[in-house]
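Letter by letter, the chains look like this.
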Amino acid sequence: QLVTTTMAKGGRSRQRNTMRFPRLAVAAAICVASAQAFTLSRGKGSNVAFAPISTRATRDVSTRMSDAVAESETATEYSVMRPPIDWMTWDRVADQLVNTFGYSHEEVAKYSLDVDEDKDRLMKIYKAMTLARGFENACNQQYMQGKIRGFMHLDNGQESIPALVDYAIKKGDKKYSYYREHTHAIASGVDSGAVMAELFMKEGGTCKGAGGSMHIFDKETYFQGGWALVSEQLPYAAGAAKSILIDREMGLSDNDKFTKENVAPPEDDDRISVVFIGEGGSQNGRMAEILNAAGKDNLPLLIIVIDNGRAI
């Protein structure tokens, strides 16, 4: 659209011609130009060159894309990334324990009754779950009010994980988590007040306020911190598992100040290294490396993959 405007300046008048384009026309022109402008084509030799493509080629590409979309929309079978929530029944778990891990049927039967028929253990699990939910809700409230700053990743809806940690993992086990680790630390025995103080960047925090939400560390409970970078904690956990074997081989153990001394661990030393990882982080190359190391050296390593569907 050509628009002519008249302007007056210093007693003189002059005309200016201005081209105006509707927004829709501009957007359409950009899309068409982008689609038709360049394509990768083979030039002389092995070099790849940019070359203009014809309108006919553009129509062919568009037709193929439309056909692919139509085929995907009419497909009736879908492949799921993970089993349905009700797929992993206790019967399936029991079969894996027997067939894959070598447990006897008597041992599996004992495990199945240990919790279901013990009210005290059920209450312990329930307490751990409610504490985890209440703590994360409080964190969310304080964050929304601007009292907690920086990055913060909550664990709401995953209370069964810290309940497992609180119930099955011992204080002397070495734990490595990732950036969603508040409840993992609390379930490992770290004082919840110290964790909250760390989020508030207070002196009474686990790292005196210097670590923040993603870097909780507690020496007394062997909670070796949350790690901000995806999968960064995996090799450290494998190294910790290796250190447990070295302690047994060399007759070393930790004293009250958590430094090594020449005192052999007890004969029933069953310490393990525990590492938490999301389903996305478990696809990192570090996972393959530590699985290889664990299989080669028979490391006392427990990898907990939290399949929460939050991977990007």
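Residues numbered from 1 in each chain as written. Predicted model: local features only at pLDDT ≥ 70, side-chain atom pairs only at ≥ 80, totals over all residues. Heavy atoms only, no water.

What follows deals with the packing of aromatic side chains. For the structure on display, the rule yields three aromatic pairs. Residues Y178 and Y179 carry aromatic rings whose centres are separated by 5.2 Å and whose planes lie at 75 degrees to one another, so their mutual orientation is edge-to-face. For Y178, a relative accessible area of 6% translates into the label buried. Ring centres of W227 and Y236 lie 4.4 Å apart, and the angle between their planes is 25 degrees; this geometry places the pair in the stacked category. (Phe/Tyr/Trp six-rings, centres within 6.5 Å; stacked < 30°, edge-to-face > 60°. Buried < 20%, exposed > 50% of the residue type's maximum accessible area, 1.4 Å probe, protein only.)

Moving on, we come to the side chain of R180. Of note, R180 is situated in the loop between β5 (174-178) and α7 (182-187). Buried charge without a salt bridge: R180, with D155 as the nearest opposite-charge side chain at an N-O distance of 4.8 Å. Here L154 takes part through its backbone oxygen, which lies 2.8 Å from a polar atom of the side chain of R180. The contacts of R180, once residues within four sequence positions are left out, are H153, L154, D155, Q158 and R310. (Helix = DSSP H or I, 4+ residues; strand = E, 2+ residues; numbered from the N terminus. Lys, Arg positive; Asp, Glu negative; His and termini not counted. Salt bridge = Lys/Arg side-chain N within 4 Å of Asp/Glu carboxyl O. Polar contact = N/O pair within 3.5 Å; in protein donor to acceptor, adjacent residues only side chain to side chain. Contact = heavy atoms within 4.5 Å.)

On to the sheet that holds strand β9 (residues 273-278). One open sheet accounts for four strands, arranged β6-β5-β9-β10; its pairing is parallel. The open sheet has two edge strands, β6 (223-227) and β10 (301-306), and neither has a second partner. Within this sheet the neighbouring strands show an average axis-to-axis angle of 15 degrees, counted without direction. Bridge count between β5 and β6: three bridges; the pairing is parallel. When the sheet's bridge partners are listed, Y178 is paired in β6 with W227. Along the sheet, helix α9 (residues 233-250) contacts β5, β6, β9 and β10; its crossing angle with β9, the most-contacted strand, is approximately 165 degrees. (Pairing = 2+ DSSP bridges. Axes fitted to C-alpha atoms, helices over the stretch in contact; angles between N-to-C directions.)

On inspection of all chains with the given rule, the structure shows ten salt bridges. With a shortest N-O distance of 2.6 Å, E159 and R133 are connected by a salt bridge. You can see E159 sitting in the loop between α5 (119-144) and α6 (160-168) and its partner R133 sitting in helix α5, a full 26 residues away along the chain. With relative accessibility at 7%, the residue E159 sits in the buried group. By sharing partners, the salt bridges in this structure join D247, R248, D254, K260, D269 and R271 into a single network.

Okay, unusual backbone geometry next. Backbone geometry places M201, a non-glycine residue, at a positive phi of 60 degrees. If you trace the backbone, M201 turns up in the loop between α8 (192-199) and β6. Assessed through its relative accessible area of 52%, M201 is described here as exposed.

Let's shift gears to a nonpolar patch on the surface. Side chains of W90, F101, Y103 and Y111 sit close together on the surface and give an oily, nonpolar patch of about 450 Å² of accessible area. Position of Y111 among the secondary structure elements: in helix α4 (residues 105-116). Classification of Y111 by relative accessible area gives partly exposed; the value is 44%. (Patch = residues over 30% accessible without salt bridge, like charges linked within 9 Å, V, L, I, M, F, W, Y side chains within 5 Å. Areas by Shrake-Rupley, 256 points an atom, 1.4 Å probe, with all protein chains shown as cover.)

Membership of the largest hydrophobic core comes to 14 residues, with the highest contact counts inside it found for Y176, L234, V275, I290, L299 and L301. Elements that contribute at least two residues to this core include exactly α9, β9 and α10 (285-297). For this core, the leading source of residues is α9, giving five residues. If you look at the next biggest cluster of nonpolar residues, it comprises 13 residues, including I148, L154, V190 and L199. (Core = buried A, V, L, I, M, F, W, Y, C linked by side-chain atoms within 4.5 Å.)

Once that is clear, we can look at the packing of α9 against α10. Interhelical geometry of α9 versus α10 gives an angle of 15 degrees and a closest axis separation of 9 Å. Looking at the two axes, α9 sits roughly parallel to α10. α9 and α10 meet at a crossing whose hand is left-handed. Between α9 and α10, the residues in contact are L234, P235, A238, K242 and L245 and R286, M287, I290 and D297, respectively. Grouping the amino acids of the contact of α9 with α10 by side-chain chemistry returns six nonpolar, no polar and three charged. (Parallel < 35°, antiparallel > 145°, perpendicular 65-115°, else oblique. Left-handed = near helix turned anticlockwise from the far one by under 90°. Nonpolar A, V, L, I, M, F, W, Y, C, P; charged D, E, K, R; others polar.)

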